[in-house]
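# Chain and residue survey
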Amino acid sequence: MAVLRRKARRGQGDDGHGLHRVPDDPLDAAQERRVRAVLALGGVPQTDLPDGVQQVRLRLLERAARGDEAPRDVSAWAAVVASNLAMDWHRTKRRQERLGERLASLRQHEHPSGEDTSVLSLAVAQGLDELPDAQRQVLVLRFFADLPVRGIAEELGIPEGTVKSRLHTAVRALRTRLHEDEVV
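Residues numbered from 1 in each chain as written. Predicted model: local features only at pLDDT ≥ 70, side-chain atom pairs only at ≥ 80, totals over all residues. Heavy atoms only, no water.

Scanning the protein chain from N- to C-terminus turns up 8 helices and 2 strands. Listed by position from the N terminus, the elements making up the protein chain come as α-β-β-α-α-α-α-α-α-α. Buried residues in the protein chain amount to 28% of all 184 residues. In the protein chain, the proportion of contacts linking residues at least 24 apart, taken out of those at least 6 apart, comes to 53%. Of the roughly 12,000 Å² of accessible surface on the protein chain, a fraction of 52% belongs to carbon and sulfur atoms. (Helix = DSSP H or I, 4+ residues; strand = E, 2+ residues; numbered from the N terminus. Buried < 20%, exposed > 50% of the residue type's maximum accessible area, 1.4 Å probe, protein only. Contact = heavy atoms within 4.5 Å. Areas by Shrake-Rupley, 256 points an atom, 1.4 Å probe, with all protein chains shown as cover.)

Structure below.
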């Protein structure tokens, strides 16, 4: 890690390419450019590149915080992490597209008048916003992402009973909210 700190100290300030260096930055300017290139070649949009670079930095710093040994070749390690981030970005994009398609197909089914549907959608969105994060998460995964209870439990690393309990509580709270607002 001492080598990383020395590299970071040498890279403090502006690196001449408009990239601002911060103290204790684990990536030097050349490594940062390589990470950006790997992300860009992996299909990550230009606007998301700074976030990708920050994720690589964060993972390297987390490694050091855990006391793990520094990678032998930080540049290669950072490039692999950037490549994995690019793949994750595409997976997330595809997941969001599929979710959008599902929501669009739901809208095509028979609904009451457009105004009633809009009111219901708004009430559900507000009700979801009011749920605790853990309840909202399982509700969205179960009913919008269409994951089974077992799949949710595995993905979140929690018991199935916990998922069921959170679902039950969230549905009850959302139902109460919709009745209170006289939407249903």
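On we go.
Here we come to the packing of aromatic side chains. Within this structure, the stated rule accounts for 0 aromatic pairs. Over the face of the ring belonging to phenylalanine 143 we find arginine 142, whose NZ or CZ atom lies 5.7 Å from the ring centre. (Phe/Tyr/Trp six-rings, centres within 6.5 Å; stacked < 30°, edge-to-face > 60°. Lys NZ or Arg CZ within 6 Å of the ring centre and 35° of its normal.)

Rolling a probe over the atoms, with the probe sized like a water molecule, indicates the empty space that remains. Looking at the second largest pocket, its volume works out to about 340 Å³. The wall of the second largest pocket is formed by Thr92, Arg95, Gln96, Arg98, Leu99, Arg102, Val140, Leu141, Ala145 and Leu147. Broken down by secondary-structure element, the contributors of at least two residues to the lining of the second largest pocket are α4 (74–108) and α6 (133–144). Ranked by the residues each element gives to the lining of the second largest pocket, the list is headed by α4, at 6 residues. When grouped by side-chain class, the residues that make up the lining of the second largest pocket number 5 nonpolar, 2 polar and 3 charged. (1 Å grid on protein atoms, 1.4 Å probe; cavity = no way out; pocket = protein on both sides within 12 Å on 5 of 7 lines; lining within 4 Å. Points joined across faces, edges and corners; volume = space filled by probe spheres on them. Nonpolar A, V, L, I, M, F, W, Y, C, P; charged D, E, K, R; others polar.)

So, about the pattern of salt bridges. Under the criterion given, the structure shown has 7 salt bridges. What you see here is one network of salt bridges that share partners, running through Glu32, Arg36 and Arg57. (Salt bridge = Lys/Arg side-chain N within 4 Å of Asp/Glu carboxyl O.)

Take the side chain of serine 75 next. Considering the arrangement of structural elements, one finds serine 75 in helix α4. In this structure the side chain of serine 75 is engaged in a polar contact, spanning 2.8 Å, whose partner is the side chain of arginine 34. Non-local contacts of serine 75, meaning those with residues more than four positions away in its chain, are made with Gln31 and Arg34. (Polar contact = N/O pair within 3.5 Å; in protein donor to acceptor, adjacent residues only side chain to side chain.)

The subject of this paragraph is helix α8 (residues 160–180). With 21 residues, α8 extends 30 Å between its outermost C-alpha atoms, agreeing within 8% with the 30 Å of an ideal straight helix rising 1.5 Å per residue. Taken together, the buried positions of α8 are Val163, Leu167, Ala170, Leu174, Arg177 and Leu178. Projected onto a plane normal to the axis of α8, the buried residues spread over an arc of 100 degrees and lie on a single side. Residues of α8 that are exposed and angled more than 90 degrees away from the buried face: His168 and Glu180. (Expected span 1.5 Å × (residues − 1). Arc of directions from axis to C-beta.)

Assignment of secondary structure puts alanine 123 in helix α5 (residues 114–130). In sequence terms alanine 123 and leucine 178 are 55 residues apart; their C-alpha atoms lie 6.6 Å from each other.

What follows deals with the packing of helix α7 (residues 149–156) against α8. Two numbers describe a pair of packed helices, the interaxial angle and the distance between the axes. Their axes nearest at 8 Å, the elements α7 and α8 cross at an angle of 110 degrees. Classified by the angle between their axes, α7 and α8 sit roughly perpendicular to one another. The two elements α7 and α8 meet at a crossing, and its hand is right-handed. Of the residues in α8, those in contact with Val149, Arg150, Ile152 and Ala153 of α7 are Glu160, Val163, Lys164 and Leu167. When grouped by side-chain class, the residues that make up the contact of α7 with α8 number 5 nonpolar, no polar and 3 charged. (Axes fitted to C-alpha atoms, helices over the stretch in contact; angles between N-to-C directions. Parallel < 35°, antiparallel > 145°, perpendicular 65-115°, else oblique. Left-handed = near helix turned anticlockwise from the far one by under 90°.)

Time to look at the nonpolar core. Ranked by size, the top nonpolar core spans 15 residues in total, and within it Leu27, Val35, Leu39, Val56, Trp77 and Ala78 carry the most contacts. Among the secondary structure elements, those contributing two or more residues to this core are α2 (29–41), α3 (49–65) and α4. If you tally residues by element for this core, the top one is α4, at 7 residues. Sequence-distant contacts of valine 56, that is, excluding residues within four places in its chain, are made with Leu27, Val35, Trp77, Ala78, Val81, Ala82 and Leu85. (Core = buried A, V, L, I, M, F, W, Y, C linked by side-chain atoms within 4.5 Å.)

Without other data, these values stay purely geometric and don't point to any function.
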